[in-house]
Each structure stands twice: as C-alpha cells, then as structure tokens.
Amino acid sequence: MVHGPSTVYSYDFWQTCNDPQVWLSCLMPNGVCIPLEVSRNATLHEIKEDLWEEASKFPLHGTLHDSASYVFCCINSMSETEELLDENKRLCDVKPFVNILRVIERLGDKAEKTLNVHISHLIGKGLHEFDSLKNSEVNYFRSKMKALADEMARSRQNKSWLERLYYQYPPRISLTDRLPETVCCRMRDGNIKLTVKNTAFENTETAFTFSVKHTMNPVQLLGLILTKKALNLNTRGEHVSEYVLKVCGQEEYLVGDHPLSRFVYIQEALSRDIIPTLVAVSIDTVNIDIDPVYENPDTMDELKRTRSSFSTLTMRKKGKYMSAWNIEENFTFRVSAICRVNCDDDRSVQVGIQAGLFHGGKSLCESQKTAEKLVSKDGDTEWEEDLTFDIKVCDIPRMARLCFVLYEILKSSKGVRSKRLKDSRQELYVNPMGWVNTTVYDFKNQLKTGAMTLYMWTTFAEETQSEDLLHPLGTVVSNPNVDHSTALTITFHKYHAEHTVIYPSMEKMIEFADKQDAEFMEEKPTASRSYIEHIKSIAERDPLHEMHEQERKVIWSLRDDLVTLVPKLLPKLLDCVEWNDHREVAQVMSLITRKQPPLPVEKALEL
C-alpha cells in the first residue's frame, strides 16, 4: 500500500507549499514502499543516499544492489513518465506528481554487458548467481570494487603515452645506486664509462657504437644517437621525443630519468661480458594496449554519474548515530525459535541452544544457555527467551562473533560424548546437532538490531573432539542450503529508540585514548636493558608457544617502550590485550597507529 503524503495534495502543491520538509513515497524495486521525509531543496543524489540508508531498516534490503545501479522516475507536471538521469536536480525542480518517486534499474549498455560476460568466464561463475544470494554485504562489496575498477579505467584513459608505456612495460630498475662488482670490473680500464654497441636503427641496417658515461640517461643517449644518425645518414627534423630505446629481441624499454647503469638489462649484459644491444624505435610502432570498453562517451558519462559524492543530507543524518562505547548495558538478545530440526520422529527429543561471545578463539565472557524444550513433530521449537551476557556493549570488540550450537539432551552416552549439566542430579549426555556463527557488528560497523534467521551447519563426529561445543573459529556465514538446513531465529535488542549504534572509528579511539592518558597521568615503568633482551627472546619464540600470565602483564605495562624497541613483539603484544575492555583496545590501537614501525613479512603473518 502506498503511503500518501502527510499534507493534502493539490495540483499546485509545489507552488503553494512553503514547508522546508516534504514527505515522499518511494517505490522500491523489491516491492517495498518507503515513506521518506526530505528537504524540498535536496538533490536527487542526496535523496537516494538517504533512501538507501532508510531501506536498510526495511524487509528485503538484501535484494537491493548499490544505489548507483538505479535511477528515479516519476510523473512530471506534463503527465508524462520521466526518467530522472540528472541526479543534480533539486526535488523542488522535479515536482513529482503526488510526491511519488519510483526507483528503477539503470539500463545497462552493450559495453557493460560484454564486460560482465568476460568477468563470468574469468571467474567461472555467472554474475547472476551473486544476485541470487540477496546479501547486502556482497552487493556492497561488488559495488565498491566496481567503482574502484571504473576509477582505475578512467585514470588509465587519461594517461599520457609515456605513462601507458610505464604501466604496460615497467622498466626494470636496480634498487640501489651502488654498482655490483661484476659490473664495475667490465668497465673499460675501470673508467666510469659504458659501451653500447650494435645500436641498430629501425628499418635500416646501420649500427653505431658508443662509449658513454654510465651516469647518462636514456634521453641523453637518444640525443647522441640521433646526432650521429643525422651526420652519417643525412637525416633532418627528428626529435628525441619521437623515439624510445628498446632492448633488442625483448619487449623491454629503457625509459625514465635513470642512469643507464641502473637498468637491470645493462647490468645483466655487462655481468655476462656481453655488449648491450639497443634499438631506437619510433613511438608509433610501440604496441600500447588501449582498453576499448570505456571508449563509448555514453558509458563514460554513466560512470561519472555513478561516482559517489559527499552528501550534505548524509552529513545531517550523522547526528542519528551513537558510539557503542557509550552504552553501559549488558549485551542481550532473544532466542525466538528454531525449525526444521533433523531428529527422530518416533521419540521425544529435548533440545537446547548454547550461545557464546568470542574474539578469535578466545571467549569474552561465560556462555549462556536456553531452557531445554521438546521438538514438535514438524521439527519446530519456540523459546522467546532472552539471554544476557556478563559483558557490557561498550566492551564488545569490533570483530566479536556470536556463536550458537544446537544440542540434544540424552540419557544414554551411546555414540556421543558425556557432560554433566549444572543443576542436574543425574548424568545427562549432550549430542551437538548443528552450529552457526554470526558477527555482532555488520560490515558497516553498525551494531546489529532486529530479527534475523541463521541457517545452521551440521555437526560431524570429528568436530566434537574439543571440550567446548561451540565453533568460534568456524565461518560467520550461514549455511547456503537454506531449504533443508535447520533455521534459528534470533532478535537483537535495540539499545536506542532513534539512534543507530556504531563502533567508533580509529580517530575516535585515538581521541578516547588521549583522554585516558590526560585523566590518569601515572608514571609508566621503563624497561631495563637486560629485560629488553629477555623480551626479545620472547618475540622469537614459536607463535604457538603460550605465554605466562606474568609475562603478559609485564609486556602490557611496558608497551610504550617495547613497540619501538622490539617491534617484532607486536603479535605477542596483541595477545596481551584484554579485548573485552574497550579502554585497553583504545590504548593499543592508538599505540599501533602512532608508534608501530613496519613488520617483517614473517612476523606480519602471525597477526
């Protein structure tokens, strides 16, 4: 049902109405109608940004692509359907009939369809299969990658000939100015001269031999070549900019303001006691690829339109966010129901749900369980039970994951592992039936709210060897076999009636750490030389070696010195952080951002 405007609509509404804010009814391509209050002077681009933010709160949001894939259309003042391609127009200039805007897919062009076919062949999977996932995170990632690829394509189109040559045939340049001994000894009489022989000209059989300083660059050498060619062959009017030096027999070019001795080809030839052979070729004969996909002017215009710009309307909406670090309530969610439980219909089956919060493989607090309930003949069970964890929302780290396991209560230990349940007088046995994980924050750093359905993975016998029933290191993606897998429905609580809770940005974390340092001006301990040597030995230990609790506390207390004196200790330092305390998280993020030097590759892989 279409939501009507909040005010009585008349034929001269846009001439007589002076309200700064107006209500729109936006008809989405997924069949949802979204009422939206906007400024009458807002541009269509700003309205679309605001609409997509609002659409995330409505059903079927996962079926939508990026906003750049759609355009608005409306019935204009001439009673005609108009496609609004220019998104810089203001709403008051468009004047949509009855304040209704319809969102339709932007028509793709032939070049884009051809590109999609090439991508499908390249990855071995049709792009329509990603659309069938109906996953907003996948769609968001695809749109961002497409925007990045479009930006790269546009930048390459604007490159000069020399820049394209650099991109397609990057010159091999030595990383150091110091010449190897094998090169120096090949120079004539130890002099700083380099001999370039058999320099053949294009379309001629003439060759010249030069003895030049190794500090000469390719442009200077080309100048000598053209000068000698003009004297010997009586040629005129040739310029250095019309030629480029090419390695004879290879698709390699000597370009750039570098000494000849810095080019790897020259060094390799001299090291093998071979005279380097170069060819002066015309730039018109160099095969530089030009991507034809973006040559269509219509396509280029469309790509420019789809570029995201910063919206003043979005700036106004920033006030509707609040930091998760300001919420002191304990984390709570509701286990609603479960359906399609795979169990024996001939006997009564009693099941329960266990949930835990983890950061990596480390538990953030004690796990919680629901009451055990019987499964109906249809394989369904309802709980509508709230589970509250002994951790505040402000202390939940950004990458925390909520892990679930569905287990069955048995009185026999045949074929399953036993575990005594709390508050039970008899030995009961637990049979894990399925598990699923999800993140607490979504891909936009927003704390998840509302109901969601998770499709569980089947638990196999080899997965039940650990002491814990949960799978914290398992995937956070639900089982894609949604038609036959067990479905768990949960509901995340909303901690503020109007504001969306987001995890603080890096700038906010650094600002929080600075405030902490200003409030608690305590004298920090300094590390002695002997203890630094001991810490260095800890940094070189096997990554799987477990540190003692005393070592963790000492490393954390000396973190300001160690991050610069022993930078390789970073993986161990991160292992000392209490990730369920947002104050320590702020301290370590501030420390890494400001003081941490680059790590060696083998140490970076431990992170």
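All values derive from a computational prediction rather than experimental measurement. (Residues numbered from 1 in each chain as written. Predicted model: local features only at pLDDT ≥ 70, side-chain atom pairs only at ≥ 80, totals over all residues. Heavy atoms only, no water.)

Colleague: When you look at the sheet that holds strand β3 (residues 70-75) in this model, what are you seeing that I'm missing?
Modeller: As a general point, the strands of a sheet are linked pairwise by backbone hydrogen bonds and lie either parallel or antiparallel. On the basis of which strands lie adjacent, the open sheet formed by five strands has the order β2-β1-β5-β3-β4 and mixed pairing. Each edge of the sheet is formed by a strand with only one pairing partner; in this case those strands are β2 (33-39) and β4 (81-84). On average, adjacent strands in this sheet sit at an angle of 35 degrees to one another, irrespective of strand direction. Packed on one face of the sheet, helix α2 (residues 44-55) meets β1 (21-27), β2, β3, β4 and β5 (100-105) and runs near 135 degrees to β2. (Pairing = 2+ DSSP bridges. Helix = DSSP H or I, 4+ residues; strand = E, 2+ residues; numbered from the N terminus. Axes fitted to C-alpha atoms, helices over the stretch in contact; angles between N-to-C directions. Contact = heavy atoms within 4.5 Å.)

Colleague: Could you clarify how one ought to interpret the packing of aromatic side chains in this entry?
Modeller: The geometry of an aromatic ring pair is captured by two quantities: the separation of the ring centres and the angle between the planes. The tally for this structure, following the rule as stated, stands at twelve aromatic pairs. Arranged with centres 5.4 Å apart and planes meeting at 40 degrees, the rings of W52 and Y70 form a pair that is tilted. With a gap of 18 residues between them, W52 in helix α2 and Y70 in strand β3 connect regions that are remote in the sequence. Using a relative accessible area of 12% as the deciding quantity, one classes W52 as buried. Residue classification places Y70 among the buried positions, given a relative accessible area of 2%. Centre to centre, the rings of W325 and Y503 are 5.8 Å apart; their planes meet at 80 degrees, and the pair counts as edge-to-face. Here the residue W325 occupies a position in the loop between β11 (321-323) and β12 (330-339), and Y503 occupies one in the loop between β23 (500-502) and α13 (506-519), the gap between them amounting to 178 residues. The same class applies to W325 as to Y503, namely buried. (Phe/Tyr/Trp six-rings, centres within 6.5 Å; stacked < 30°, edge-to-face > 60°. Buried < 20%, exposed > 50% of the residue type's maximum accessible area, 1.4 Å probe, protein only.)

Colleague: In this structure, what is going on with the pairing of strand β19 (residues 429-439)? I would like to understand it.
Modeller: For a regular strand, side chains alternate in direction, first toward one face of the sheet and then toward the other. With nine of its eleven residues buried, β19 lies for the most part within the structure. For strand β18 (residues 401-410) and β19, the ladder comprises ten bridges, and the chain directions are antiparallel. Pairing of E408 across the sheet is with N431, part of β19. Note that β19 and strand β21 (residues 457-458) share two bridges and pair antiparallel. Paired with G434 across the strands is T458, a residue of β21.

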